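# Understanding the architecture of this molecule
Each chain, letter by letter, is given below.
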Amino acid sequence: MKQQDTSSPSASGKPRWLYQAQDANGQPTEGFVHATTAEEALQAITALHPR
């Protein structure tokens, strides 16, 4: 996972986290999630891309 982008907080005030990963089918995926901590970001990514 990439590092936190603190320059552009969301409307909720949480930083955006950029991620790059592979989905359950092995296809590359990337995007942003809004989270306060790395743990919250991982939970948000897992919710978006369940296995």
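All values derive from a computational prediction rather than experimental measurement. (Residues numbered from 1 in each chain as written. Predicted model: local features only at pLDDT ≥ 70, side-chain atom pairs only at ≥ 80, totals over all residues. Heavy atoms only, no water.)

### What about the overall build of the protein chain?
A count of helical and extended segments in the protein chain gives one helix and three strands. When the helices and strands of the protein chain are read in sequence order from the N terminus, they spell out β-β-β-α. Scored against the burial criterion, the 51 residues of the protein chain give a buried share of 22%. When contacts within the protein chain are restricted to residue pairs at least 6 apart in sequence, those whose partners lie at least 24 apart make up 20%. Of the accessible surface of the protein chain, which amounts to about 3,700 Å², a share of 48% is contributed by carbon and sulfur atoms. (Helix = DSSP H or I, 4+ residues; strand = E, 2+ residues; numbered from the N terminus. Buried < 20%, exposed > 50% of the residue type's maximum accessible area, 1.4 Å probe, protein only. Contact = heavy atoms within 4.5 Å. Areas by Shrake-Rupley, 256 points an atom, 1.4 Å probe, with all protein chains shown as cover.)

### With respect to the environment of Gly13
On the secondary structure map, Gly13 appears in the loop between strand S1 (4–5) and strand S2 (16–22). Looking at Gly13, the relative accessible area reads 53%, which means it is exposed. Along the primary structure Gly13 and His34 are separated by 21 residues, whereas in three dimensions their C-alpha atoms are 8.7 Å apart.

### Observations concerning the pairing of strand S3 (residues 28–34)
Every second residue of S3 is oriented toward a common face, the buried set being Thr29, Gly31 and Val33 and the non-buried set Pro28, Glu30, Phe32 and His34. With seven bridges joining them, S2 and S3 adopt antiparallel strand pairing. Its bridge partner lying in S3, Ala21 is registered against Thr29. As consecutive antiparallel partners, S2 and S3 are separated by five residues, and within that stretch Gly26 has a phi angle of approximately 85°, a positive value. (Pairing = 2+ DSSP bridges.)

### Things to note about the nonpolar core
Trp17, Tyr19, Val33, Ala35, Ala41 and Ile45 form the largest nonpolar core, which has six residues in total. Broken down by secondary-structure element, the contributors of at least two residues to this core are S2 and helix H1 (38–48). (Core = buried A, V, L, I, M, F, W, Y, C linked by side-chain atoms within 4.5 Å.)

### Considerations on the packing of aromatic side chains
Geometry of an aromatic ring pair is reported as the spacing of the ring centres plus the angle between the planes. Going through the model one piece at a time under the given rule, you end up with zero aromatic pairs. Residue placement shows Arg16 over the ring face of Phe32; its charged tip is 4.1 Å from the ring centre. (Phe/Tyr/Trp six-rings, centres within 6.5 Å; stacked < 30°, edge-to-face > 60°. Lys NZ or Arg CZ within 6 Å of the ring centre and 35° of its normal.)

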